[in-house]
Amino acid sequence: MAKTDSRQKVREALNLQVANFTVLWTKLHNYHWYVKGDTFFSLHDKFEELYTTSGSYVDELAERLLAIGGGPIGKQSDAIEAASVKEAEYDIDGGEMVSQVVADFDTVAKEMDEGKKAAEEAGDDRTADIFIGMITEIEKNVWMLKSFLGK
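Here's what I pulled together on the structure shown here. (Residues numbered from 1 in each chain as written. Predicted model: local features only at pLDDT ≥ 70, side-chain atom pairs only at ≥ 80, totals over all residues. Heavy atoms only, no water.)

**Description of the nonpolar core**
Step number 1: In this structure, Phe 21, Phe 47, Leu 61, Val 101, Phe 105, Met 112 and Ile 138 are the most contacted members of the largest nonpolar core, which totals 42 residues.
Step number 2: Mapped onto this core, the elements with two or more residues apiece are α1 (3-34), α2 (40-67), α4 (94-121) and α5 (125-148). (Core = buried A, V, L, I, M, F, W, Y, C linked by side-chain atoms within 4.5 Å. Buried < 20%, exposed > 50% of the residue type's maximum accessible area, 1.4 Å probe, protein only. Helix = DSSP H or I, 4+ residues; strand = E, 2+ residues; numbered from the N terminus.)

Right, dumping it as structure tokens:
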């Protein structure tokens with residue numbers, strides 16, 4: 001594969017995650033606001049932690065994308081269209097909210113692993129390192145959220 005093609009794959013992988021974390025940021029806010037019941041306090045705090053992290057990921061991914069000659073998705077409508085994750089649902093319980101976040105994080109981690117491989121093939125160790133760090137944090141959160149669900 002030509003170097004130009006491999007760099008474009010890296011830019012596409014970064015932009016996919018800009019889109020995903022833009023959608024997740026809003027989704028996690030929704031769940032933070034609408035969670036109810038006996039898990040309110042624990043999930044309210046956890047969703048806030050996760051949306052804060054998601055916001056920082058959007059910024060880090062977008063800035064890396066700009067640094068390597070790309071243009072990050074900057075509109076919510078474009079992010080929704082490009083993202084692999086779906087918007088939040090209303091009227092679901094805390095357990096379903098957590099299950100959806102786990103599924104979203106599993107999807108994102110797999111896609112980031114593909115992005116890491118593309119970055120390595122393009123000789124872009126810095127982007128690969130960004131993906132590795134984010135995957136590590138996502139996997140830790142998946143473990144914690146699954147533990148919350150008793151899985």
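**Side note on the pattern of salt bridges**
Side chains bearing opposite charge may pair, as long as their charged atoms lie close to each other.
Step number 1: Taken as a whole and assessed by the stated rule, the structure comprises six salt bridges.
Step number 2: Between Lys 27 and Asp 104 there is a salt bridge; the shortest N-O distance is 2.6 Å. Placement of Lys 27 in helix α1 and of Asp 104 in helix α4 is noted, with a sequence separation of 77 residues between them. (Salt bridge = Lys/Arg side-chain N within 4 Å of Asp/Glu carboxyl O.)

**Quick word on α5**
Step number 1: Counted at 1.5 Å a residue, the expected span for α5 with its 24 residues is 34 Å, and the 35 Å between its end C-alpha atoms agrees.
Step number 2: Of the residues making up α5, those classed as buried are Thr 127, Ala 128, Ile 130, Phe 131, Met 134, Ile 135, Ile 138, Asn 141, Val 142 and Leu 145. (Expected span 1.5 Å × (residues − 1).)

**Observations regarding the side chain of Lys 116**
Step number 1: Tracing the sequence through the fold places Lys 116 in helix α4.
Step number 2: Each residue touching Lys 116, except ones within four places of it in the same chain, is listed here: Ala 128, Phe 131 and Ile 132. (Contact = heavy atoms within 4.5 Å.)

**Structural notes on the packing of aromatic side chains**
Step number 1: As enumerated under the stated definition, the model contains four aromatic pairs in all.
Step number 2: Relative to Tyr 57, the ring of Phe 21 has its centre 5.1 Å away and its plane inclined at 90°; by these criteria the two rings are edge-to-face. Taken together, the residues span a long stretch of sequence, with Phe 21 in helix α1 and Tyr 57 in helix α2 at a distance of 36 residues. Here Phe 21 matches Tyr 57 in class, with each residue buried.
Step number 3: Centroid distance Tyr 34 to Tyr 90: 5.4 Å. Interplanar angle 80°. Geometry classified as edge-to-face. Residue Tyr 34 is found in helix α1, and its partner Tyr 90 is found in the loop between α3 (76-82) and α4; the two are separated by 56 residues along the sequence. (Phe/Tyr/Trp six-rings, centres within 6.5 Å; stacked < 30°, edge-to-face > 60°.)

**Quick notes on α2**
Step number 1: In this model α2 runs 40 Å from its N-terminal to its C-terminal C-alpha over 28 residues, within 8% of the 40 Å that 1.5 Å per residue would give.
Step number 2: When α2 is considered as a whole, its buried residues turn out to be Leu 43, Lys 46, Phe 47, Leu 50, Tyr 51, Ser 54, Tyr 57, Leu 61, Ala 62, Arg 64 and Leu 65.
Step number 3: Following α2 by one or two positions, Gly 69 has its phi on the positive side, about 90°.

**Quick look at the environment of Leu 149**
Step number 1: By the secondary structure assignment, Leu 149 is in the segment after α5.
Step number 2: Overall, the relative accessible area of 26% leaves Leu 149 in the partly exposed class.
Step number 3: Sequence separation between Leu 149 and Glu 96 is 53 residues, and the spatial gap between their C-alpha atoms is 9.5 Å.
Step number 4: Leave out the neighbours within four places in its chain, and Leu 149 touches Gly 95, Val 98 and Ser 99.

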